[in-house]
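Fold and contact review
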Amino acid sequence: MHQDKVFRIKFASLYPLYVKKAESKGRSKEQVDQVICWLTGYSQEGLRRQVEGDNDLETFFAQAPAFNPNASLIKGVVCGIRVEDIEHPLMQKIRYLDKLVDELAKGKPLAKILRQPV
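Residues numbered from 1 in each chain as written. Predicted model: local features only at pLDDT ≥ 70, side-chain atom pairs only at ≥ 80, totals over all residues. Heavy atoms only, no water.

Attention now moves to the overall build of the chain. Check the secondary structure of the chain and you find 7 helices and 2 strands. Relative to the compact-globule value of 13 Å for 118 residues, the chain shows a C-alpha radius of gyration of 13 Å, a close match. Expressed as lengths along the three principal axes of its C-alpha atoms, the size of the chain is roughly 35 × 30 × 25 Å. Of all 118 residues assigned to the chain, the portion counted as buried reaches 46%. Within the chain, contacts between residues separated by at least 24 positions form 66% of all contacts whose residues are at least 6 apart in sequence. A total accessible area of about 6600 Å² is found for the chain, and carbon and sulfur atoms account for 54% of it. Across the chain, the mean location of the 19 positive side-chain charges is 5 Å away from that of the 15 negative side-chain charges. (Helix = DSSP H or I, 4+ residues; strand = E, 2+ residues; numbered from the N terminus. Rg over C-alpha atoms; globule rule 2.2 N^0.38 Å. Buried < 20%, exposed > 50% of the residue type's maximum accessible area, 1.4 Å probe, protein only. Contact = heavy atoms within 4.5 Å. Areas by Shrake-Rupley, 256 points an atom, 1.4 Å probe, with all protein chains shown as cover. Lys, Arg positive; Asp, Glu negative; His and termini not counted. Charge placed at Lys NZ, Arg CZ, Asp CG, Glu CD.)

Next up, the structure:
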């Protein structure tokens with residue numbers, strides 16, 4: 001799939017998949033929301049509007065109030081690619097979110113998922 005197609009995916013269609021993945025592993029929708037809000041700076045209300053809206057991923061991240069500066073501390077592999085090595089800024093943000101949801105679903109403690117600088 002070309003990057004342009006990924007960028008056009010509607011956030012509202014992706015969000016339930018994140019929640020389903022987390023809930024199938026015993027985590028909650030609230031924890032998914034917490035991770036997304038931490039990464040993007042959306043308030044709970046702002047996130048709700050995004051979920052109910054029609055924005056694609058490009059717009060979702062462009063409208064993010066304050067992308068977390070600690071996102072650069074997210075390391076690891078998503079879909080066989082190291083997130084820290086992704087050169088395209090938008091694709092890296094999308095993969096950061098994927099990685100955080102993966103970690104949540106794998107049972108990693110929220111305190112570790114919401115990275116703090118050392």
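From this point, the narrative continues.
Now for the packing of helix α3 (residues 29-40) against helix α6 (residues 89-105). Packing of α3 against α6 leaves a shortest axis separation of 10 Å and a crossing angle of 150 degrees. Our pair here, α3 against α6, has a crossing hand that is right-handed. Only Lys93, Tyr96, Leu97, Leu100 and Leu104 of α6 make contact with α3, whose side of the interface consists of Gln31, Val32, Val35, Ile36, Trp38 and Leu39. A breakdown of the residues in the contact of α3 with α6 according to their chemical character gives 9 nonpolar, 1 polar and 1 charged. (Axes fitted to C-alpha atoms, helices over the stretch in contact; angles between N-to-C directions. Left-handed = near helix turned anticlockwise from the far one by under 90°. Nonpolar A, V, L, I, M, F, W, Y, C, P; charged D, E, K, R; others polar.)

Locating aspartate 56 in the fold gives a position in the loop between α4 (44-52) and α5 (57-62). Note on aspartate 56: relative accessible area 11%, which makes it buried. Separated by 3.0 Å, the side chains of aspartate 56 and arginine 8 make a polar contact. A distance of 2.8 Å separates a polar atom in the side chain of aspartate 56 from the backbone nitrogen of threonine 59. Not counting residues within four places of it along the chain, the set of residues in contact with aspartate 56 comprises Phe7, Arg8, Ile9, Lys10 and Phe11. (Polar contact = N/O pair within 3.5 Å; in protein donor to acceptor, adjacent residues only side chain to side chain.)

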